[in-house]
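# Chains, contacts and geometry: an overview
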Amino acid sequence: MREKMSHIHITLSNVTFGYEKNQKILKDITLSFGENERVGIIGANGAGKSTLLKLLVGLYTDFEGSIRVEEIPVEKKMLSRIREKIGYVFQDSDSQLFMSTVYDDVAFAPRNYGFSEEEVERRVNEALEAVHISYLRDRHTYKLSGGEKKLASIATILSMTPDIILMDEPSVALDPKNRRNLIQILNGFGHLKIIASHDLDFIMDTCSRVILINHGRVIKDGPAGEILTDKELLESNGLELPLRFTGRESLFSS
Amino acid sequence: MNKLENAVYEMNLLEEQAGGCGRLNSLPALFKVIITVWYILLTVSFHKYDIFGLLGMGIYPLVLFLIYEIPFRQCIKRIKIILPFLLLAGIANPLLDKNILGSLGNRQVSGGVVSMATLMLKGLFTVLAGYLLIVSTSIEKICGALRKFHMPSILVTMILLIYRYISLLLKETNRVMQAYALRAPGQKGVGFKAWGSLAGLLLLRSMDRAENVYESMCLRGFDGSRGNSFQYTAEQKAKPADYIWLLLWGTGLFSLRIVPLLTIVGSLLVKG
Ligand SMILES: Nc1ncnc2c1ncn2[C@@H]1O[C@H](COP(=O)(O)OP(=O)(O)O)[C@@H](O)[C@H]1O
Ligand SMILES: [Mg+2]
């Protein structure tokens, strides 16, 4: 499977990072992500999942080791080019939606990148269409429901047509219906997706590869079906089996 | 609803009205800002005894409220916190200035009373004009207009962000207070022992939120230092009718300033 990844989109080599001196939140992480991969990053609270995602978009650049996004090193000078290629969806949609209307919010990035207003409009419409919320176009962001906010946040990054989508805990605060809807939409995208979550059922439904981290280290990297059914591995790292496997894991043990 | 929720609600409502599609909303923000500033300058420039001239300036808010059907009651409700300050502004004038200017019926009117009244009216008109602008123009559009006036982009961005920060802070405060109230039943307000830690918590939380918002702006190509290319909202194309609106109010207000309309009308009535 690995040989087929002709395009390596992201590589991390020996990345170590801490928010403060002498503190190491991520320790010696080496990973690579290829085109169209669907990767879940799992780990207990505080494991360093969000931190890892934030490093990929260059929100913190004072890490040791190196990170490359499509051959571009993640450095201060390159951030604008990198962020054109990567879309990052925040855990808290309210952080992402800060303009008054959905339209203006989705238009924020393309306008910053200097596209003409016609092009901006085309991109906004396309982005909204992709997550099936064209009808929310002129709505005020504070009035959206949790599920609508999540979809609108996704649209705000799609308007830059990124190659890579990062999502931090996308399923938090979604009811079952919105959750199913989100899974369907995500599975329709052809991008390289990296989803950080401790909601293993959600990961099961959206990812084919899983990376388990604990205390800032990669514990295991492999196919979702393998890792997500390994009760012992999960429990020794502060996680629990996906709900659907509890009590009937024997079905999958073969 | 408690006071905080009410404040959040009012802000949201205001924003919704500002972003609505009324006829006043669809005028280019730039023109509205120009006329508002022009109006305020002219209003403030009246002589302190020229109360009749000043009264004529009331036509502008009056006409706007009427033809654009902007709810007047709601306006009063919203600006009522400021009104006492307007009243206080000239309150000492009657004591300081006892010149007799004329008489009203059988009572003598001193210069102080007149100048107090003009001061209050100036304040009121200014507030009304500002209100009319805010209620019909979204903050992004106002910022866009300010940029057209070549206000430095960093200042305009600050205005926009402070505006966002206020509602963020309000919401965060509301959350914290609710959590507090749920665990301190039957208590009115916050016990003063908890004040310090609550305020600290609030500051930290809202700063966290603000930082997240800022990060999400940066991730989408925002760059404060590159400022001049930052666009807040779609350009509004001015229609010929909009230019007429600008021209009419521009000259109309100026004539109100130099022609004492009320005095003329008054003297015609007295003669007739
Ligand atoms: N801005 C920050 N400053 C300092 N420490 C932080 C910051 N953000 C997260 N941390 C710390 O980093 C560790 C990993 O956090 P995080 O990456 O958010 O974990 P996860 O997303 O897996 O729950 C935690 O111990 C957390 O306290
Ligand atoms: Mg996290």
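Note that the structure is predicted; figures quoted are calculated from it, not measured.

## Remarks on the sheet that holds strand 3 (residues 38-42) of chain A
Residues and elements named next belong to chain A. Pairing is mixed in the open sheet, where six strands are placed in the order 6-7-8-3-9-10. Of all the strands in the sheet, the pair left with one neighbour each is strand 6 (86-89) and strand 10 (217-223). When strand polarity is set aside, the average angle formed by the axes of neighbouring strands in this sheet is 15°. Pairing of strand 3 with strand 9 (residues 209-214), which is carried by four bridges, proceeds in the parallel orientation.

## Focus: the interface of chain A and chain B
Every contact between the two is made by 26 residues of chain A and, on the other side, 25 residues of chain B. Buried area between chain A and chain B, both sides added, is near 2500 Å², and the carbon and sulfur share of it is 51%. Among the residues chain A hides against chain B, the three largest losses belong to F98(A), N112(A) and Y142(A). Together they make up 24% of the total. The interface formed by chain A and chain B holds four salt bridges in total. Connecting chain A to chain B are nine residue pairs in polar contact (both at pLDDT 80 or more). Counting only elements with at least two residues in the side of chain A that touches chain B, the list comes to helix 3 (93-96) and helix 4 (102-112) of chain A. Of all the elements, helix 4 of chain A adds the most residues to the side of chain A that touches chain B, at six residues. For the side of chain A that touches chain B, the residue count by class is 11 nonpolar, six polar and nine charged.

About the cut-offs
Residues numbered from 1 in each chain as written. Chains lettered and ligands numbered in written order. Predicted model: local features only at pLDDT ≥ 70, side-chain atom pairs only at ≥ 80, totals over all residues. Heavy atoms only, no water. Pairing = 2+ DSSP bridges. Helix = DSSP H or I, 4+ residues; strand = E, 2+ residues; numbered from the N terminus. Axes fitted to C-alpha atoms, helices over the stretch in contact; angles between N-to-C directions. Contact = heavy atoms within 4.5 Å. Buried area = accessible area lost by both parts, 1.4 Å probe. Salt bridge = Lys/Arg side-chain N within 4 Å of Asp/Glu carboxyl O. Polar contact = N/O pair within 3.5 Å; in protein donor to acceptor, adjacent residues only side chain to side chain. Nonpolar A, V, L, I, M, F, W, Y, C, P; charged D, E, K, R; others polar.

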